[in-house]
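Commentary on secondary and tertiary structure
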Amino acid sequence: MVSLLNDELLDRIADALTDKGYIVLEDVLPETLSNALLDKVNHSPVESFRWAEIGRGNERVREQEIRSDRIRWLNEQQQPDADYLEYMACLRHGLNRRLFMGLFDYESHYAFYRPGTFYRKHLDALRGSRNRILTTVFFLNPDWQQGDGGELMLYEENDVLLEQIPPRMGTLVIFLSERFPHEVLPTHKDRASIAGWFRVAGSYELP
């Protein structure tokens, strides 16, 4: 697994984050790991995913007009979650060496969207809050076709559309959390992903 995060790939990611603040990668995780993550989602009952909420700490509320997905946090004591988190730890160390970002830890959850669900445009971090520095989204949807919906829409700060990213299996998106508003368009079939955020030391957020 670590061999896939070679210097060439890490340099490419670091250069993209420096130049434009985001990157879209395909098939950078081992296929066996991607399939294991997908199998875990497919063999988990919907009830094991709780309704997603918005806000932070005690101010979290469920607002289905804003987001209607279900989530479940990754568990470092279980597979294949532990292998995915190890991969992200290697990414964190590699970016810290190149960009001196001070990334300290990583939190992530599975996100499961049933047909008709969505997530309206939002930022993953309040500007200047430093609670989330770098966002990752990894898609787990084989045989995704045009017209299936569920695209990740990535915007510039002035709301100009930068990318419309299909949630195809094996695609990894990395972007600066404070800079890019984004949304998930309504999906027309089940859609799965893993969303994650790198933070700096001293920041804290309840899951």
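Counting starts from 1 at the beginning of each chain's written sequence and moves along it residue by residue. Local features in this predicted model are restricted to residues whose pLDDT is 70 or higher, and side-chain atom pairs enter the listing and the counts only when it is 80 or higher, whereas totals over whole chains, interfaces and linings include all residues. Each side-chain value is worked out from all heavy atoms of the structure, with water and hydrogens disregarded.

In the annotation of an unreviewed UniProt entry, the entry for the protein reads SM-20-related protein, and the organism field reads Shewanella chilikensis.

What to know about the pairing of strand β7 (residues 152–155)
Along a regular strand, successive side chains alternate from one face of the sheet to the other. Think of it in three bands: residues with accessible area under 20% of the maximum for their type are buried, residues over 50% are exposed, and the middle band is partly exposed, with areas taken using a 1.4 Å probe on protein chains only. By the criteria applied, helices consist of DSSP H or I runs no shorter than four residues and strands consist of E runs no shorter than two, each listed in order from the N terminus. Residues Leu-152 and Leu-154 line one face of β7 and the alternating positions Met-153 and Tyr-155 line the opposite face, and both faces are buried. Inspection of the sheet shows β7 paired to strand β8 (residues 161–165) by four bridges, in the antiparallel sense. Its bridge partner being in β8, Leu-152 is matched across the sheet by Ile-165. The turn joining β7 and β8, which pair antiparallel and follow one another in sequence, is formed by five residues; a positive phi near 70° is taken by Asp-159. The sheet contact formed by β7 and strand β10 (residues 182–184) spans three bridges and is antiparallel. Strand pairing is assigned whenever DSSP detects at least two bridges linking the two strands.

Describing the sheet that holds β8
Read from one edge of the open sheet, four strands run β5-β10-β7-β8, paired in antiparallel fashion. The strands lining the two open edges of the sheet, one partner per strand, are β5 (119–122) and β8. Recorded for the sheet is a direction-independent mean angle of 10° between the axes of neighbouring strands. In this description, a line fitted to the C-alpha atoms serves as the axis of each element, helices being fitted only across the stretch in contact, and the angle between N-to-C directions of two axes falls anywhere from 0 to 180 degrees.

What to know about the environment of Asp-148
Mapped onto the fold, Asp-148 is located in the loop between β6 (134–139) and β7. Relative accessible area serves as the criterion here: at 15%, Asp-148 is assigned to the buried category. Whether two residues are in contact is decided by their heavy atoms: any pair within 4.5 Å suffices. Ignoring any residue separated from it by four or fewer positions in sequence, one finds Asp-148 in contact with Asp-143, Thr-187, His-188 and Lys-189. Contacts described as polar in this section are N or O atom pairs within 3.5 Å, which, within protein, must combine one atom able to donate a hydrogen with one able to accept it, while residues neighboring in sequence count only if both atoms come from side chains. Of note is the side chain of Asp-148, whose polar atom sits 2.6 Å from the backbone nitrogen of Gln-145. Side chain to side chain, Asp-148 and Lys-189 meet in a polar contact 3.3 Å long.

Some thoughts on the pairing of strand β3 (residues 70–73)
Sheet analysis places strand β2 (residues 50–51) next to β3, joined by two bridges and oriented antiparallel. Opposite Trp-51, over in β3, you have Arg-70 as the bridge partner. Both β3 and strand β4 (residues 103–113) contribute to a ladder of four bridges, which runs antiparallel. Of the residues in β4, the one forming a bridge with Ile-71 is Ala-111.

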